[in-house]
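What the coordinates show
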Amino acid sequence: MPSQTLSLCGNSSELECHFFPPIDVGDKSEIGLLSMQTYNSIPNVETGCDTLHIIHGEQSEITKIKIPTGCYEIIVLETKIRELLKDIGVNYFSLSTNSSTLKCTMHCNSDIDLNVEDSIASLLGFDKRILVRNHRHESDRVVKIMNVNTIKVECNLALGSFNNGRQSHTIHEFYPIVPPGYKIVEIPKYSVLYKLKTSTIDFVRVSLTDQDGKLINFRGEAVNIRLLIKNGFEI
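About the thresholds
Residues numbered from 1 in each chain as written. Predicted model: local features only at pLDDT ≥ 70, side-chain atom pairs only at ≥ 80, totals over all residues. Heavy atoms only, no water. Helix = DSSP H or I, 4+ residues; strand = E, 2+ residues; numbered from the N terminus. Rg over C-alpha atoms; globule rule 2.2 N^0.38 Å. Buried < 20%, exposed > 50% of the residue type's maximum accessible area, 1.4 Å probe, protein only. Contact = heavy atoms within 4.5 Å. Areas by Shrake-Rupley, 256 points an atom, 1.4 Å probe, with all protein chains shown as cover. Lys, Arg positive; Asp, Glu negative; His and termini not counted. Charge placed at Lys NZ, Arg CZ, Asp CG, Glu CD. Pairing = 2+ DSSP bridges. Disulfide = S-S within 2.5 Å.

If you tally the helices and strands in the chain, you get two helices and 19 strands. Taking 18 Å as the expected radius of gyration for a compact globule of 235 residues, we find that the chain reaches 23 Å, considerably beyond that expectation. Structurally, the chain occupies a C-alpha span of about 85 × 30 × 25 Å along its principal axes. Split into buried and exposed, the 235 residues of the chain put 45% on the buried side. Within the chain, contacts between residues separated by at least 24 positions form 66% of all contacts whose residues are at least 6 apart in sequence. Surface accessibility of the chain: about 12900 Å² in total, with carbon and sulfur atoms responsible for 50%. Across the chain, 24 positive and 28 negative side-chain charges occur, with their mean positions spaced 3 Å apart.

Set out below in structure tokens:
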């Protein structure tokens, strides 16, 4: 048998499968990605980067505003924060971007404490600091509206790829070109094959990570992966 395919499906960014009996593929086998399918549900606001701490009222009361997990453009994020602030009596908030500097500006009639671990500061380009009320504050860096710059498809069986000089298990990487909520169908135009580290397969794991090796949050959407195994039996 010159080649075989392996399909894995699940609802997370890490898919695993055991084989019994093991699949014999030979000593010079190779592996590559045939296709990946899921939905672009990757959030830019999620746990760890989803709050604003507002200092308001005559007693300088501190209220934690938690933004629901999701993928937000700046204008949508501004609207959502305004809705949340109205519930605690804060009646003015603005968030805008400058297309020339790529920085954003935040303005509120209450103090905003960004000096907390789970604040949305890093997404908006702000350092950890307190933004004083009734002043327009520009971010310290450009807005980092999406933390995911690339999706890496990694397989525990693959050898031959390197990341910053270190050996990795990446067999393909890409960035989705569809908007949030749309179907991702990734089929490599040129399927690159990598050496298999074993001649028998009893376990395979495929992980979908970002450029920093962090598992990508697909928020429970179905993920389907199809791999090609090119057998390498010696003649």
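If you walk across this open sheet you meet the four strands as β5-β4-β8-β9, and the pairing is antiparallel. Each having just a single partner strand, β5 (61-66) and β9 (130-131) make up the two edges of the open sheet. In terms of strand pairing, strand β4 (residues 51-56) meets β5 through six bridges, oriented antiparallel. Paired with isoleucine 54 across the strands is threonine 63, a residue of β5.

Right, let's talk about the state of the cysteines for a bit. Note on terminology: a disulfide is the covalent bond linking the sulfur atoms of two cysteines. Under the definition given, this model contains zero disulfides. A disulfide-free cysteine, cysteine 17 has its sulfur positioned 9.1 Å from the sulfur of cysteine 9, the nearest such atom. Not engaged in a disulfide, the cysteine cysteine 155 finds its nearest cysteine sulfur in cysteine 17; these two sulfurs lie 11 Å apart. The exposure class assigned to cysteine 155 is buried, which follows from its relative accessible area of 0%.

Okay, the environment of glycine 10 next. Looking at the secondary structure, you find glycine 10 in strand β1 (residues 3-10). Taking the C-alpha atoms as reference points, glycine 10 and proline 179, 169 residues apart in sequence, are found 22 Å from one another.

With an omega of 0 degrees, the peptide bond between phenylalanine 20 and proline 21 qualifies as cis. Position of proline 21 relative to the elements: it lies in strand β2 (residues 14-24). A positive phi angle, close to 65 degrees, is found at asparagine 134, a residue other than glycine. Looking at the secondary structure, you find asparagine 134 in the loop between β9 and β10 (136-138). By relative accessible area, which is 51% here, asparagine 134 ends up exposed. Not every positive phi belongs to a glycine, and arginine 219 is a case in point at roughly 55 degrees. Position of arginine 219 among the secondary structure elements: in the loop between β18 (200-209) and β19 (223-230).

Just distances and angles here, no functional claims.
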